[in-house]
Amino acid sequence: MVERLLFGLGLAACMFLAGMVVGWYRLPPSVQIDAAIEAARDLKRHWRSYAGVEPTKYLRTSLRESPDQRNGAMGDAQPGVTLLAGLFDNMVGVILVGMDGSVLHRWPIRFGDLWAGATHLPPDEVPFNDWDTVIHGMVLYPNGDLIVSFENQGLARLDRCGRVLWRLPRRTHHAVTLDDRGLLWVLGLREVVRRADPRFPGLHPPFRDETILQISAEDGRILQEISLLEVIYGSRYEGALFANGLDLPRLRQLGLLDPLHANHVEVLSAAMAPAFPMFAAGDLLVSLRNIDLVAVLDGTSHRIKWSQTGPWLRQHDPHFRPDGTISVFDNRRLPNAVPWAGDRPRLASRIVAIDPRTDRISVLFEGSAAQPFYTEQMGKHQFLANGHILITEPQAGRAFEITAHGRPVWSFVNRYDAGRVAKLSEARRYPAEYAAFASAGCPQAEASGR
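Please read these numbers as outputs of a predicted model, since none were measured by experiment. (Residues numbered from 1 in each chain as written. Predicted model: local features only at pLDDT ≥ 70, side-chain atom pairs only at ≥ 80, totals over all residues. Heavy atoms only, no water.)

Q: Looking at this model, I keep getting lost on the overall build of the chain. Mind explaining?
A: Helix and strand counts for the chain come out as 7 helices and 27 strands. For the chain, the residues scored as buried account for 52% of the 450 residues in total. Taking contacts inside the chain between residues at least 6 apart in sequence as the whole, the part at least 24 apart equals 56%. Summed over all atoms, the accessible surface of the chain reaches about 21,000 Å², with 56% contributed by carbon and sulfur. (Helix = DSSP H or I, 4+ residues; strand = E, 2+ residues; numbered from the N terminus. Buried < 20%, exposed > 50% of the residue type's maximum accessible area, 1.4 Å probe, protein only. Contact = heavy atoms within 4.5 Å. Areas by Shrake-Rupley, 256 points an atom, 1.4 Å probe, with all protein chains shown as cover.)

This is the structure:
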């Protein structure tokens, strides 16, 4: 009896140690088990969305605004029209609204229609339905043509009636920007690296190889592709990847599926280049969220010219500014360890600016108790011609314009019902003449043609 008990205890101890080794070294089936657990959690939270009952992935409880508050201008806002991406009338899409918040135009965009079968995606990444997609990155043209990027799922150009002009079957994500020549700059994902790659010592597979894509806006052709990991290693910036103090063998054991998480790229224009004497027109500004890094790459060699880690946390959407600074959407996805004085809340996002010549940081806008502003994910901002800032706060389902002194002058809250809002992924202000195409209308038969 004692021998059997000791044998059982020894077997249990061996199984426990084996489990520890599998988890520590990320050996099969630990990765598969983790994925299964995460999938089960996701299904528990969003089964109504997968069942086609309610788009729960887009919905958040509204904590700030009264249900009857009107959208639109509250002061001297920058005139124009605003392009919005998100969930509207239970459909993922893009709308154009006037200064009073009224809808001037909407594009019929359905991922299932654009990408029947989605054969360019791995089977486990094919959207379950249209609510399983996010439009993240967009550009509007004066004739109503619209370029949209479905997050990690593809890029397309549509006309004003939603007819497809071209498709790019690549896993594009986060941002779409234009350069002086009208070329598109987009972030992309290659296939996940599943075998050790000698180009990237210290990174153990599986991990994502993210790229910058230069694309023709006319036909969707890829003109060049730049690996961001090759940029990091080629610039001798490996320290940014391994700054957590773990030794390299341990890093190889852990694996880093998403080592960078790039979320923005834009090109320094010729008009703005004189404000940045250390850079040149054509240089690339990028944001790498998972290492809190904002960097400028040489437009030709693609080596890093300048970089800054923090003080932002999990940042998004940096921009070159005419005054020679770089603005950053600082999510600050971390509760403050010490309660702040005054009216500053425990969680608050910020818009900050850094001078790359001096590394001096200035805070342009920050959430407060009187004016809450926080989003743990995503986030966009646009500097307007009158000096105001248009901010997209995705988790609050809100886009709002503030003056240089932080006074709100325009707002759009994407209400779903009396108690909830639907997420907005991006807002962008265009001149009023960009709405001229909307008066032409779109016959249903014309819009539905493919």
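Q: What am I meant to see in the pattern of salt bridges here?
A: Note on pairing: side chains with opposite charge can pair once their charged atoms come close. Applying the stated criterion to the full structure yields 25 salt bridges. We note a salt bridge from Arg398 to Glu393, for which the minimum N-O separation is 2.8 Å. Judged by its relative accessible area of 10%, Arg398 falls in the buried class. Note that Asp417 is salt-bridged to Arg420, the shortest N-O span being 2.7 Å. Judged by its relative accessible area of 24%, Arg420 falls in the partly exposed class. The network of salt bridges with common partners includes Arg48, Glu54, Asp417 and Arg420. (Salt bridge = Lys/Arg side-chain N within 4 Å of Asp/Glu carboxyl O.)

Q: Where do I start with the sheet that holds strand E8 (residues 154-158) in this structure?
A: The pairing of strands in a sheet happens through backbone hydrogen bonds and is either parallel or antiparallel. On the basis of which strands lie adjacent, the open sheet formed by 4 strands has the order E6-E7-E8-E9 and antiparallel pairing. The sheet is open, and its two edges are formed by strand E6 (135-140) and strand E9 (164-168), each paired on a single side. Adjacent strand axes in the sheet meet at a mean angle of 15° when their direction is disregarded. (Pairing = 2+ DSSP bridges. Axes fitted to C-alpha atoms, helices over the stretch in contact; angles between N-to-C directions.)

Q: Looking at this model, I keep getting lost on the sheet that holds strand E2 (residues 72-73). Mind explaining?
A: The strand order across the open sheet built from 5 strands is E2-E25-E24-E23-E22, with neighbouring strands paired in antiparallel fashion. Looking at the sheet topology across the chains shown, the edges are occupied by E2 and strand E22 (380-383). With 5 bridges connecting them, strand E23 (residues 389-393) and strand E24 (residues 398-402) associate as antiparallel partners. Within the sheet, the bridge partner assigned to Ile391 lies in E24 and is Phe400.

Q: Before we go on, may I ask you to explain the pairing of E6 in this structure?
A: Consecutive residues of a regular strand have side chains that alternate between opposite faces of the sheet. Counting buried residues along E6, 6 of its 6 residues qualify, which places the element largely inside the surrounding structure. Sheet analysis places E6 next to strand E7 (residues 146-150), joined by 4 bridges and oriented antiparallel. Each residue of the ladder has a partner; that of Met138, found in E7, is Val148.

Q: What is the right way to read the packing of aromatic side chains from this model?
A: Two aromatic rings, taken as a pair, are described by how far apart their centres are and by the angle between their planes. Summed over the entire model, instances satisfying the criterion amount to 14 aromatic pairs. An angle of 45° between the planes, with centres 5.8 Å apart, marks the rings of Trp107 and Phe437 as tilted. Here Trp107, found in strand E5 (residues 103-107), pairs with Phe437, found in the loop between strand E27 (424-430) and helix H7 (444-448); they are 330 residues apart in sequence, far enough to count as distant. When its relative accessible area of 4% is taken as the criterion, Trp107 is described as buried. When the centroid spacing of 5.5 Å and the interplanar angle of 45° are considered together, the rings of Phe200 and Tyr233 count as tilted. One end of the pair, Phe200, is in the loop between strand E11 (184-189) and strand E12 (210-215); the other, Tyr233, is in helix H4 (residues 228-234), with 33 residues separating them in the sequence. (Phe/Tyr/Trp six-rings, centres within 6.5 Å; stacked < 30°, edge-to-face > 60°.)

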